[in-house]
Amino acid sequence: MHRRLFPRALAALVLVATAATAGTTTATADAPTPAQTRLHATIDAILADSRLDGAQAGVVVVDTTTGRTLYDRNGTRRLVPASNTKLLTSTAAMELLGPGHRFTTDVSADGPRRAGLLSGDLYLRGGGDPTMLAADYDRLAEQVAAAGVRVVTGNLVADDTRYDRTRLGPDWTWDDEPYYYAAQVSALTVAPDTDYDAGTVIVDVAPGTRAGVRPKVSMTPDNGWLRVDNRAETVTGGETTISIEREHGSNTVVVTGQIAVGQATESDWVTVWEPTGYAADVFRTALRRHGVRVLGRTVLGTATPDTARPLARHDSMPLADLMVPFLKLSNNGHAEVLTKELGRVLSGSGTWAAGLAAIGEYVGDAGMDTGTLRQRDGSGLSRRNLIPPAQFVTLLSAVRAEPWFDTWYAALPVAGNTDRLVGGTLRSRMVGTPAANNVHAKTGSLTGASGLSGYVTDADGRLLAFSIVLNNYLTSSVKGLEDQIAIALATYTEKETATTRRTVPTAPDSPRVPEGRECSWVKPALC
């Protein structure tokens, strides 16, 4: 498969291959120019920061035009990449599924129909669409009603069989499970808003009209799948301490703490237990709203029979458009759905194992040495993912030749651009520097693991591919060090003379984010 890539990949390997040994900074194949020597010294000085004492740092920079390595520190060392893993998943999806790929959700009926009565079951079949909103299910229900169905004597069957029933990624930590960035993965799901965090619900807590009463709790979308246990209190003053937690293994959302009269609504995003049932509940409510009654119960996880006749259909946005919320906001759910979709489309198996095999084959054909890395999920939440920085740079260099590259490149976060769906997770970083509106790169954040890999145009107009992966540090954040390196690359020029003096660039402060999380994972969004 994709052997057409082999000659180009081989050329990329020859150009981009590095001669690094673990723990050392190496010279390029040719003698370094004075400008490169100064660049080495600048990056070395940044990596000597005390925040990296006892930590591991891998940094590789390559000129994508010539293939020349401008800097290499531990380029072959396997490091935990966090969300930089999405570079592999997204490029494989663009190549193997195609920019025009869409997810289809449909409704069909099995049984005779007469005068508005369906004597049989109604099937809601999920195609993996992570962008399905309550409004989309409402339109499906409207189509069912428009087809003349008024009463369904059988069951509402929620068909999520396109993918397997493994809901959480391998190796994910148990304490991430209630948080929306680690939502359960299903082929049939719901997103609460246009950030498209499928499998989650927004819980809003507003103060009561007077002290001593319970706050008002509501959910978006409104649903009967989750139950609220409201233990919170409205008070006359003081600090708001509202906590919103879903109990493990259930769909009970416990609200505790206090909120003062007149205070603004507190909101949080929580995952649901079993997204298939959540989607079926939202759809069943929509059917009722459009005058369609289902007399039977809701059945989860049964396949739609071949004899069922279609009634309604919804197609997602094309994959090229999905790349924007996926990469800009570092959406983990999108990464995992795409991984399972790759497995389903290429091998007929909607599993992590099949999807990761497809990703591995593509990135291998693109020049990555898959024998030097390990990928365990699509998003990077797993700490067993291990990828050397040099392999990221190999991939970044190779995909520039793909016909979909411009679309994918535009979907990467852009440093310092305040538009949330342009700047994404880099929206508040490197503002007012030569890297702003220049660096296109994927961020990565786990506790003790951080990464920034992508592209920067230097002062001479050359496109550089770079990867920075930092592990095992104890400080809360090392993002500022990544930014300093990116700024140094944005100002790099070969036109410097031997007497040119360079100083380590400073990076402006960015919003403080809880340790180990991407800024877009903090709601209300910091970026």
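Residues numbered from 1 in each chain as written. Predicted model: local features only at pLDDT ≥ 70, side-chain atom pairs only at ≥ 80, totals over all residues. Heavy atoms only, no water.

Our focus in this paragraph is the packing of aromatic side chains. Counting across every chain of the model gives ten aromatic pairs. Between Tyr179 and Tyr181, the ring centres sit 6.0 Å apart and the planes meet at 5°, which makes this aromatic pair stacked. A ring pair is formed by Trp404 and Trp408, whose centres lie 6.4 Å apart and whose planes are at 80°; its orientation type is edge-to-face. For Trp408, a relative accessible area of 0% puts it in the buried group. Within the aromatic cluster, the residues linked to one another by ring pairs are Trp404, Phe405, Trp408, Tyr409 and Tyr455. For Arg517, the ring lying beneath its charged end belongs to Tyr179, and the centroid distance is 5.0 Å. (Phe/Tyr/Trp six-rings, centres within 6.5 Å; stacked < 30°, edge-to-face > 60°. Buried < 20%, exposed > 50% of the residue type's maximum accessible area, 1.4 Å probe, protein only. Lys NZ or Arg CZ within 6 Å of the ring centre and 35° of its normal.)

It is worth spelling out empty space enclosed by the protein at this point. For the structure on display, the rule yields two cavities of 30 Å³ or more. Size it by volume and the largest cavity reaches roughly 140 Å³. The wall of the largest cavity is formed by 17 residues, among which Tyr180, Asp197, Asn331, Asn332 and Gly333 lie closest to the centre. Split by residue class, the lining of the largest cavity holds nine nonpolar, five polar and three charged. Taken as a whole, the second largest cavity encloses approximately 70 Å³ of empty space. For the lining of the second largest cavity, a count of residues per class yields six nonpolar, six polar and one charged. (1 Å grid on protein atoms, 1.4 Å probe; cavity = no way out; pocket = protein on both sides within 12 Å on 5 of 7 lines; lining within 4 Å. Points joined across faces, edges and corners; volume = space filled by probe spheres on them. Nonpolar A, V, L, I, M, F, W, Y, C, P; charged D, E, K, R; others polar.)

Now for helix 8 (residues 352–365). Owing to its 3.6 residues per turn, the α-helix brings residues three or four apart onto one side. Here helix 8 spans 20 Å end to end across 14 residues, near enough to the 20 Å set by a 1.5 Å rise per residue. Those residues of helix 8 not exposed but buried are Trp352, Ala354, Gly355, Leu356, Ala358, Ile359, Tyr362, Val363 and Asp365. Gly367 sits one or two residues past helix 8 and shows a positive phi near 115°. (Helix = DSSP H or I, 4+ residues; strand = E, 2+ residues; numbered from the N terminus. Expected span 1.5 Å × (residues − 1).)

Okay, the pattern of salt bridges next. One pass over the structure, following the stated rule, counts 22 salt bridges. A salt bridge links Glu482 to Arg429, with the nearest nitrogen and oxygen atoms 2.9 Å apart. Taken together, the positions of Glu482 in helix 12 (residues 479–490) and Arg429 in the loop between helix 11 (420–423) and strand 20 (440–446) put the pair 53 residues apart, joining distant regions of the chain. For Arg429, a relative accessible area of 6% puts it in the buried group. (Salt bridge = Lys/Arg side-chain N within 4 Å of Asp/Glu carboxyl O.)

Another point: the nonpolar core. In this structure, Met323, Trp408 and Tyr455 are the most contacted members of the largest nonpolar core, which totals 50 residues. Among the secondary structure elements, those contributing two or more residues to this core are strand 1 (56–63), helix 3 (86–96), helix 6 (319–328), helix 7 (332–347), helix 8, helix 9 (389–398), helix 10 (405–411) and strand 22 (463–471). Of all hydrophobic cores here, the second largest spans 41 residues; its members include Val107, Leu124, Ile259 and Ala286. (Core = buried A, V, L, I, M, F, W, Y, C linked by side-chain atoms within 4.5 Å.)

Turning our attention to the side chain of His101. Looking at the element boundaries, His101 is found in the loop between helix 3 and strand 3 (104–110). According to the relative accessible area criterion, His101 is buried, its value standing at 15%. Once you skip the residues sitting within four places of it in the chain, His101 turns out to touch Met317, Pro318, Leu319, Glu341 and Val345. (Contact = heavy atoms within 4.5 Å.)

The subject of this paragraph is helix 3. With eleven of eleven residues buried, helix 3 is to be regarded as a mostly interior element. Looking only at helix 3, the buried set comprises Lys86, Leu87, Leu88, Thr89, Ser90, Thr91, Ala92, Ala93, Met94, Glu95 and Leu96. Two residues or fewer after helix 3 comes Gly98, characterised by a positive phi angle close to 95°.

Moving on, we get to the confidence of the model for the chain. A residue-level look at the chain finds 93% of positions with pLDDT of 70 or above and a mean pLDDT of 92. Taken as a whole, residues 1–28 scores under 50 in pLDDT and shows 66 contacts with residues more than four places along the chain or in a different chain. (pLDDT = per-residue confidence, 0-100.)

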